[in-house]
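So the chains spell out like this:
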Amino acid sequence: MTEPAPRRTNRTKRPPTIHDVAAEAGVSRGTVSRVLQGGHNVSPAALESVNAAIRKLGYVVNRAARSLVTQRSGSVAFLLTEPQERFFEDPNFTTLLRGCTTALAEHDIPLILMTAGNEPERRRVTRYLAAGHVDGVLLVSSHSGNPMLEHLREAELPVVFCGKPLGQRGRIPYVAADDREGAKDMVRHLLDTGRRRVATIAGPQDTPGGVERLYGYREVLQEYGIPVDEGLIAVGDYSRAGGEAAMVELLQRVPDLDAVFVASDLMATGALAALDRAGRSVPGDVAVGGFDDSPAALAARPPLTTIRQPWDRISEQMVRLLLARIAGEEPATVILPTELIVRDSA
């Protein structure tokens, strides 16, 4: 006589709950809740016990339930106020996004990528943000006069800028590299190599980097007693094509220039292409310096001498300031130093 087969059941193992985590860690449910909300007023020993229990049990936060209690969504937006194609063209944006995602992951907070490069996108994004789907916004590449900031103010959302916001009054939290000092370091380097006809391809003059880096260029020429020749100044749009067009313009106006400081690595790759097409060697005929130390700097031929922005620290500080604002703290600003990186182009 054969044994009857064991009866199958459709029941599945239930997921662990906050009560299970509390029991495993040997703490109260309230302590676990405080850990999940940021770890405030929790001892280091209790914090470690709770986190160990979460890892052991595989506990996953029920965000919908938590948002009902905290009145928070538990997520943050990374808002790029540029056309979508710029996100894929400019490696700085992806580097910054990766850093912010990593920094927020330490707090178990997901990051939502959004773009608002035109008016229809701005309307859609504003509706989404105003509906309470995020707790705060990391605002990247905001041009002066951009209406997005006013929309965010009306939605009463905490915001942290990447770069110094232009034309804004009052205390607005932001994190920025020291654009002006970085530009000055690069122009000094070009002049110290013996160059005297130093041109610049500045960034857009409605962006903080565009304005501050051009200021730095002008200040160093004055420091060295060299009159500022407006013919040696062109303005690009931070794109490769913009840098190439600006370099062509400069060569037509000032064919005897012997160096150029370009306000972004991506524009500098375009400038290198224009110089090559014109038969100018780099750095023999024209020394070229960039700004950012993005992957484009190493991929360039020759590799770019550039100014390194501390992207990891910028990301970390943006996240830190935004979480502080969400928690109700006063706005703050952080300006981080840059570093001159010398390679083959200058």
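In this text the structure is predicted, and so the values were computed from the model without any measurement.

Peer 1: Sorry, what's going on with the pairing of strand S6 (residues 198-202) here?
Peer 2: Remark: a regular strand shows side chains that alternate across the two faces of the sheet. Where burial is concerned, most of S6 is hidden: five out of the five residues are buried. The pairing of S6 with strand S8 (residues 259-262) spans four bridges and is classified as parallel. In the strand pairing of S8, Thr200 is matched with Phe261. Where S6 lies against strand S7 (residues 233-235), three bridges are found, and the strand directions are parallel. Residue pairing across strands places Thr200 opposite Ile233, the latter belonging to S7. The β-α-β motif built from S6, the intervening helix H10 (residues 208-223) and the parallel element S7 has right-handed crossover chirality.

Peer 1: Sorry if this is basic, but what is going on with the sheet that holds S6 here?
Peer 2: Whether parallel or antiparallel, the strands of a sheet pair through hydrogen bonds between backbone atoms. Ordered by their spatial adjacency, four strands build an open sheet running S7-S6-S8-S9, and the pairing between neighbours is parallel. Edge positions in the sheet fall to S7 and strand S9 (287-289), since each of these pairs with one other strand and no more. Averaged over all neighbouring strand pairs, the angle between strand axes comes to 15°, with direction disregarded. The strands touched by H10 within the sheet are S6, S7 and S8, with S6 carrying the most contacts at an inclination of about 170°.

Peer 1: How should I be thinking about helix H6 (residues 91-105) in this particular structure?
Peer 2: Since the α-helix turns once every 3.6 residues, residues separated by three or four places project in the same direction. Taking 1.5 Å of rise per residue, the 15 residues of H6 would be expected to cover 21 Å, and the 21 Å separating its terminal C-alpha atoms lies within 8% of that figure. Of all the residues in H6, the buried ones are Pro91, Asn92, Phe93, Thr95, Leu96, Leu97, Gly99, Cys100, Ala103 and Leu104. Its side-chain oxygen 2.9 Å from the backbone nitrogen of Asn92, Asp90 forms the N-cap of H6.

How each quantity is defined
- Residues numbered from 1 in each chain as written.
- Predicted model: local features only at pLDDT ≥ 70, side-chain atom pairs only at ≥ 80, totals over all residues.
- Heavy atoms only, no water.
- Buried < 20%, exposed > 50% of the residue type's maximum accessible area, 1.4 Å probe, protein only.
- Helix = DSSP H or I, 4+ residues; strand = E, 2+ residues; numbered from the N terminus.
- Pairing = 2+ DSSP bridges.
- Right-handed = clockwise from strand over helix to strand, strands pointing away.
- Axes fitted to C-alpha atoms, helices over the stretch in contact; angles between N-to-C directions.
- Contact = heavy atoms within 4.5 Å.
- Expected span 1.5 Å × (residues − 1).
- Polar contact = N/O pair within 3.5 Å; in protein donor to acceptor, adjacent residues only side chain to side chain.

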